[in-house]
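Secondary and tertiary structure notes
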Amino acid sequence: MAAPEQTADYLLDRRKLRRKLSFWRVAAFTFLVVAAGAITWRLTGGSGPSTLQSHIARITIDGIITGDRDTLKLIDDVAKSHAAAVILSIESPGGTTTGAERLYEHIRKLSEKKPVVAMVGGMAASGGYIAAMGADRIVAQGNSLVGSIGVLFQFPNVSKLLDTVGVKMEEVKSSPLKASPNGYEPTSPEARAALVALVKDSFDWFKDLVRERRNITGEALDQVADGRVFTGRQALPLKLVDALGSERDAIAWLEEEKHIGKNLPVRDWKKRQPLDRLGLLGMAAETAAFMGLDGPALSLRKLAASREEWFLDGLLSIWHAGSVN
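Heads up: these notes are all about the structure in this document. Just so you know, these numbers come straight off a predicted model, no measurement behind them.

Cut-offs applied
- Residues numbered from 1 in each chain as written.
- Predicted model: local features only at pLDDT ≥ 70, side-chain atom pairs only at ≥ 80, totals over all residues.
- Heavy atoms only, no water.
- Axes fitted to C-alpha atoms, helices over the stretch in contact; angles between N-to-C directions.
- Helix = DSSP H or I, 4+ residues; strand = E, 2+ residues; numbered from the N terminus.
- Parallel < 35°, antiparallel > 145°, perpendicular 65-115°, else oblique.
- Left-handed = near helix turned anticlockwise from the far one by under 90°.
- Contact = heavy atoms within 4.5 Å.
- Nonpolar A, V, L, I, M, F, W, Y, C, P; charged D, E, K, R; others polar.
- Buried < 20%, exposed > 50% of the residue type's maximum accessible area, 1.4 Å probe, protein only.
- Pairing = 2+ DSSP bridges.
- Right-handed = clockwise from strand over helix to strand, strands pointing away.
- Salt bridge = Lys/Arg side-chain N within 4 Å of Asp/Glu carboxyl O.
- Expected span 1.5 Å × (residues − 1).
- Polar contact = N/O pair within 3.5 Å; in protein donor to acceptor, adjacent residues only side chain to side chain.
- Phe/Tyr/Trp six-rings, centres within 6.5 Å; stacked < 30°, edge-to-face > 60°.
- Core = buried A, V, L, I, M, F, W, Y, C linked by side-chain atoms within 4.5 Å.
- Patch = residues over 30% accessible without salt bridge, like charges linked within 9 Å, V, L, I, M, F, W, Y side chains within 5 Å.
- Areas by Shrake-Rupley, 256 points an atom, 1.4 Å probe, with all protein chains shown as cover.

Things to note about the packing of helix H3 (residues 97-111) against helix H6 (residues 189-214)
Taken N-terminus to C-terminus, the directions of H3 and H6 make an angle of 25°; their axes are 12 Å apart at the nearest point. In terms of axis orientation, H3 runs roughly parallel to H6. As H3 runs across H6, the sense of the crossing is left-handed. Residue-level inspection shows Thr 97, Glu 101, Tyr 104 and Arg 108 of H3 in contact with H6, the latter providing Trp 205, Leu 209 and Arg 213. Across the contact of H3 with H6, the residue classes tally to three nonpolar, one polar and three charged.

Observations regarding the pairing of strand E2 (residues 83-96)
With 11 of 14 residues buried, E2 lies mostly within the body of the structure. In the sheet, strand E1 (residues 55-65) pairs with E2 via 10 bridges, with the strands oriented parallel. Paired with Ile 59 across the strands is Leu 88, a residue of E2. Running through helix H2 (residues 69-79), the crossover from E1 to the neighbouring parallel element E2 is right-handed. Once you follow E2 into H3 and on to strand E3 (residues 116-125), the crossover reads as right-handed.

As for the pattern of salt bridges
Applying the stated rule across the entire model yields nine salt bridges. Among the ionic pairs, Glu 255 bridges to Arg 248, the shortest N-O distance being 3.5 Å. Residue Glu 255 is classed as buried on the basis of its relative accessible area of 12%. Of the charged contacts, one joins Glu 255 and Lys 262 as a salt bridge, the two residues approaching to 3.9 Å between their closest N and O atoms.

Points about H3
An α-helical turn contains 3.6 residues, so a residue and the one three or four places further along point in the same direction. With 15 residues, H3 should reach 21 Å at 1.5 Å per residue; the first-to-last C-alpha distance of 21 Å fits that figure. Along H3, the positions that sit buried rather than exposed are Thr 97, Gly 99, Ala 100, Leu 103, Tyr 104, His 106, Ile 107, Leu 110 and Ser 111.

Considering the side chain of Ser 126
With respect to the secondary-structure elements, Ser 126 resides in the loop between E3 and helix H4 (127-133). Within polar-contact distance, the side chain of Ser 126 engages the backbone oxygen of Ser 148 at 2.7 Å.

Looking at helix H9 (residues 247-257)
For H9, every residue scored as buried is listed here: Ala 250, Ile 251, Trp 253, Leu 254 and Glu 255. On the buried face of H9, the contacting elements are E1, E2, E3, strand E4 (137-140) and strand E8 (266-269). His 259 sits one or two residues past H9 and shows a positive phi near 60°.

Looking at the packing of H2 against H3
Across the interface, H2 lies against H3 with an axial gap of 9 Å and an inter-helix angle of 5°. With respect to H3, the element H2 is oriented roughly parallel. In contact with Thr 71, Leu 72, Ile 75, Asp 76, Val 78 and Ala 79 of H2, H3 contributes Arg 102, Leu 103, His 106, Ile 107 and Leu 110. A breakdown of the residues in the contact of H2 with H3 according to their chemical character gives seven nonpolar, two polar and two charged.

A few points about the packing of aromatic side chains
Two aromatic rings, taken as a pair, are described by how far apart their centres are and by the angle between their planes. Tallied over the entire structure, the rule returns one aromatic pair. Taking 6.4 Å as the distance between ring centres and 50° as the angle between the ring planes, the aromatic pair formed by Trp 205 and Phe 206 counts as tilted.

Observations concerning the nonpolar core
The biggest cluster of nonpolar side chains holds 46 residues, and the ones touching the most others in it are Ile 59, Met 133 and Leu 240. Discounting chain neighbours no more than four positions away, the residues touching Ile 59 are Leu 74, Ile 75, Val 78, Val 86, Ile 87, Leu 88, Ser 89, Leu 110 and Trp 269.

Focus: a nonpolar patch on the surface
A grouping of Val 158, Leu 161, Val 165, Val 167, Met 169 and Tyr 184 is seen on the molecular surface, where their side chains present a nonpolar patch of about 530 Å² in accessible area. Turning to its location among the elements, Val 165 is positioned in helix H5 (residues 159-165). Its relative accessible area of 54% is what places Val 165 among the exposed residues.

Comments concerning the environment of Gly 261
Counting through the fold element by element, Gly 261 comes out in the loop between H9 and E8. Residue classification places Gly 261 among the partly exposed positions, given a relative accessible area of 35%. Considering only alpha carbons, one finds Gly 261 and His 55, 206 residues apart in sequence, at a separation of 8.7 Å.

Considerations on unusual backbone geometry
With phi around 55°, Ser 148 is a residue other than glycine that occupies positive phi space. Relative to the elements of secondary structure, Ser 148 occurs in the loop between strand E5 (145-147) and H5. The phi angle at Lys 239 is positive, at roughly 70°, despite the residue not being glycine. Secondary-structure assignment places Lys 239 in the loop between helix H8 (232-235) and strand E7 (243-244).

Pasting the structure below:
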């Protein structure tokens with residue numbers, strides 16, 4: 001039988017151990033609550049800085065462009081704010097042509113109230129380049145990718161696969177071009193001609209935008225509007241961008257040419273992002289970013305953006321490796 005002194009020491013050690021475990025459990029729970037609250041505040045909090053002081057607003061346009069209401073509202077909020085100027089930070093391969101059109105129109109309205117500079121990060125292609133053209137000036141890095149002036153209509157066709165497995169889709173429709181193309185049968189010449197007309201009309205609109213906003217005409221316009229992307233260095237002599245440089249160079253132009261106050265703070269404006277719209281990948285990305293894990297956060301955001309691309313429909317102005325459009 002253990003001595004009374006040993007039993008007392010054992011019980012004392014057990015109490016100390018339980019207190020330590022309780023402390024770390026409470027600490028872990030508190031951390032999780034604080035982290036969850038901080039992430040929720042970050043995602044669903046106010047759309048912009050609470051300051052009433054003059055500043056340069058930074059709006060980030062990244063990922064797939066859909067012309068969503070939250071982004072458009074953010075732009076409108078900045079237009080009504082105390083911001084002296086706006087830096088439009090673009091990191092996007094494009095998206096839907098209609099979404100890019102909506103975004104462009106709101107940026108143009110913003111530029112009527114405040115000077116706007118588009119600062120291209122890694123890419124402003126297709127719909128991303130449409131957004132950049134809404135600004136008063138486009139600045140890019142030397143290795144940024146810009147351009148991809150074009151429109152795409154893409155759809156899968158599994159008619160040969162269905163023939164192989166012996167499956168036929170029956171349909172009754174009001175006219176031959178209703179719901180065409182449908183992917184379950186070979187595309188008829190009439191349906192393809194209708195699609196070509198759609199793409200051509202949107203492509204002509206895109207080129208007219210480049211002609212008007214970038215003052216590029218004739219053979220020079222044909223050269224840049226063949227669907228390819230250009231590096232910033234290539235784009236400068238082609239007049240697709242106005243200057244090569246960094247955000248500091250964009251700010252210097254605003255100070256010198258638009259006469260905004262020198263050394264104004266640059267403040268990020270972020271759109272409201274309800275938790276139910278993020279999905280699992282988006283939530284994981286935001287959590288990783290909050291924890292300071294920038295590499296995993298970036299990878300998760302790219303994966304979430306690529307997943308979003310799967311569900312795009314209609315006419316697209318988007319670029320990705322392996323597809324020139």
